[in-house]
Amino acid sequence: MRATDGGTLLPGFVDAHVHLGLADPLAVRAGGVAGVDDLGWDPAVAARWPGAPGYPHVRVAGAFLAAPGGYPTGRAWAPGGAVEPVASPDDAAAAVARQVAHGASYVKVTLHAGGPVLGDAALAAVVRAARAHGLPVVAHAEGPGQAERALAAGVDRLAHTPWTERLPDAVVEAAAVRQVWVSTLDIHGWGEPDAEQDRDREVALDNLRRFHTAGGTVAYGTDLGNGPLPAGLNVRELRALAAAGLESAALLRALVSRPVPGAATFVPGPPLDPRTDPDELVDRLADARVVRDPATPAPTEETT
């Protein structure tokens, strides 16, 4: 972070959970988000997004790896090719290799109760295969016991803060040592939750509050494409993170969960102070925009 003419320059902000096939990538970058992690789409389509003109910096997971018939198979929003079935541990290595061949930076698995779910052996085999390629595993964990299964299997990152149950303190503390949790708190009602969504939101806030207190790493992410979420920086998500106990410095860390080559975030106005009140910080961040990183050489005819 450094003060500059008319504002503060920060590392590029990242939304660590999006589905670009359901969003406008140009609007994402125009809305102040310099980088995105696409966590599930047809890998042949997603492979075209990194480096596309005007897009944010994109990293992709490729297809959802799921049990045959498992989530999100059959969902209207999931295109053909977005789900890669893993019927047994023997299928894991080839499934992971196909995502790697399409440029995956993550491997995404779904552990969604209420339908077919990867068994323990198949889940462990996916994690081993991802490790062999040096890739982290991200899990959609929904339903009783699924977050604990992900932790036991060595999953590196949860795509959502767990919301379907209050996790035991011991599980949260173990996760804080070994995992990153992506926030996605605003999916619970998009600012106007009904009774069920409000209950889910409160459970998620409680889990995330204890995870953060235990020293866990929180990444800002919105699940963009899932309902009426803004294409750029989501102020409601930031306010929810503050409600979960993230102070201003932690909020800024959550927004820069990975480097964004060549891009930075500019926040106009007086120099930012990471000790300021989180609500005041969020008000300032609402005006953030993506700029070229001044430490990066300007493009030339040879490099454009």
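Keep in mind the model is a prediction, meaning the values are calculated, not measured.

Cut-offs applied
Residues numbered from 1 in each chain as written. Predicted model: local features only at pLDDT ≥ 70, side-chain atom pairs only at ≥ 80, totals over all residues. Heavy atoms only, no water. Helix = DSSP H or I, 4+ residues; strand = E, 2+ residues; numbered from the N terminus. Rg over C-alpha atoms; globule rule 2.2 N^0.38 Å. Contact = heavy atoms within 4.5 Å. Areas by Shrake-Rupley, 256 points an atom, 1.4 Å probe, with all protein chains shown as cover. Lys, Arg positive; Asp, Glu negative; His and termini not counted. Charge placed at Lys NZ, Arg CZ, Asp CG, Glu CD. Salt bridge = Lys/Arg side-chain N within 4 Å of Asp/Glu carboxyl O. Pairing = 2+ DSSP bridges. Buried < 20%, exposed > 50% of the residue type's maximum accessible area, 1.4 Å probe, protein only. Right-handed = clockwise from strand over helix to strand, strands pointing away. Axes fitted to C-alpha atoms, helices over the stretch in contact; angles between N-to-C directions. Polar contact = N/O pair within 3.5 Å; in protein donor to acceptor, adjacent residues only side chain to side chain. Parallel < 35°, antiparallel > 145°, perpendicular 65-115°, else oblique. Left-handed = near helix turned anticlockwise from the far one by under 90°.

### Some words on the overall build of the protein
Point 1. Assigned secondary structure in the protein consists of 10 helices and 14 strands.
Point 2. For the protein, whose C-alpha radius of gyration is 19 Å, the value lies close to the compact-globule estimate of 19 Å for 304 residues.
Point 3. The contacts of the protein with a sequence gap of at least 6 include a subset with a gap of at least 24, amounting to 64%.
Point 4. Surface accessibility of the protein: about 12400 Å² in total, with carbon and sulfur atoms responsible for 53%.
Point 5. One way to put it: in the protein the 25 positive side-chain charges average out to a point 4 Å from where the 36 negative ones average out.

### Let's talk about the pattern of salt bridges
Point 1. Counted according to the given criterion, the structure contains 14 salt bridges.
Point 2. With a shortest N-O distance of 2.9 Å, Asp156 and Arg131 are connected by a salt bridge. Note that Asp156 is positioned in the loop between helix 5 (146-153) and strand 10 (157-158) and Arg131 in helix 4 (residues 120-132), a separation of 25 residues in sequence.
Point 3. Here Asp186 makes a salt bridge to Arg236, at a shortest N to O gap of 2.8 Å.

### Quick look at the sheet that holds strand 7 (residues 83-85)
Paired through backbone hydrogen bonds, the strands of a sheet run either parallel or antiparallel to each other.
Point 1. Strand order in the open sheet made by the seven strands is 7-6-8-9-10-11-12, with parallel pairing throughout. At either margin of the open sheet sits one strand with a lone partner, and together these are strand 7 and strand 12 (217-219).
Point 2. Sheet analysis places strand 8 (residues 107-112) next to strand 9 (residues 137-142), joined by six bridges and oriented parallel. Following the sheet pairing, His112 is matched in strand 9 by Glu142.

### So, the pairing of strand 9
Point 1. Burial analysis of strand 9 places six of its six residues in the buried class, which makes it a mostly covered element.
Point 2. Burial along strand 9 is two-sided: the face carrying Val137, Ala139 and Ala141 and the face carrying Val138, His140 and Glu142 are both buried.
Point 3. Taken together, strand 8, helix 4 and strand 9 form a β-α-β motif whose crossover is right-handed.
Point 4. Inspection of the sheet shows strand 9 paired to strand 10 by two bridges, in the parallel sense. In the strand pairing of strand 10, Ala139 is matched with Leu158.
Point 5. Each parallel crossover has a hand, and the one from strand 9 via helix 5 to strand 10 is right-handed.

### Some words on the sheet that holds strand 13 (residues 263-268)
Point 1. If you trace the four strands from one edge of the open sheet to the other, you get 1-2-13-14, paired in antiparallel fashion. One side of each edge strand has no neighbouring strand; the edge strands of this open sheet are strand 1 (2-4) and strand 14 (289-292). Recorded for the sheet is a direction-independent mean angle of 40 degrees between the axes of neighbouring strands.

### Observations concerning the environment of Gln146
Point 1. Topologically, Gln146 is positioned in helix 5.
Point 2. Note on Gln146: relative accessible area 8%, which makes it buried.
Point 3. Along the backbone, Gln146 and Asp273 are 127 residues apart, and their C-alpha atoms lie at a distance of 39 Å.
Point 4. Apart from the residues within four sequence positions on either side, Gln146 is in contact with Leu111, Ala113, Val117, Ala141 and Glu165.
Point 5. A distance of 3.1 Å separates the side chain of Gln146 from the side chain of Arg149, its partner in a polar contact.

### Topic: the packing of helix 8 (residues 235-243) against helix 10 (residues 278-285)
Point 1. Where helix 8 contacts helix 10, the two axes come as close as 10 Å, and the packing angle between them is 165 degrees. In terms of their interaxial angle, helix 8 and helix 10 are classed as roughly antiparallel. The handedness of the crossing between helix 8 and helix 10 is right-handed. For the pair formed by helix 8 and helix 10, the contact residues are Val235, Leu238, Arg239 and Ala242 on the first element and Pro278, Asp279, Val282, Asp283 and Leu285 on the second.

### Digging into the side chain of Asp15
Point 1. Here Asp15 lies in strand 3 (residues 14-18).
Point 2. Within the local environment of Asp15, its side chain forms a polar contact with the backbone nitrogen of His17, the two atoms lying 3.1 Å apart.
Point 3. A polar contact is formed between the side chain of Asp15 and the side chain of Thr222, at a distance of 2.6 Å.
Point 4. Those residues in contact with Asp15 that sit more than four places away from it in its chain are Val33, Gly35, Val36, Asp37, Tyr220, Gly221, Thr222 and Leu224.

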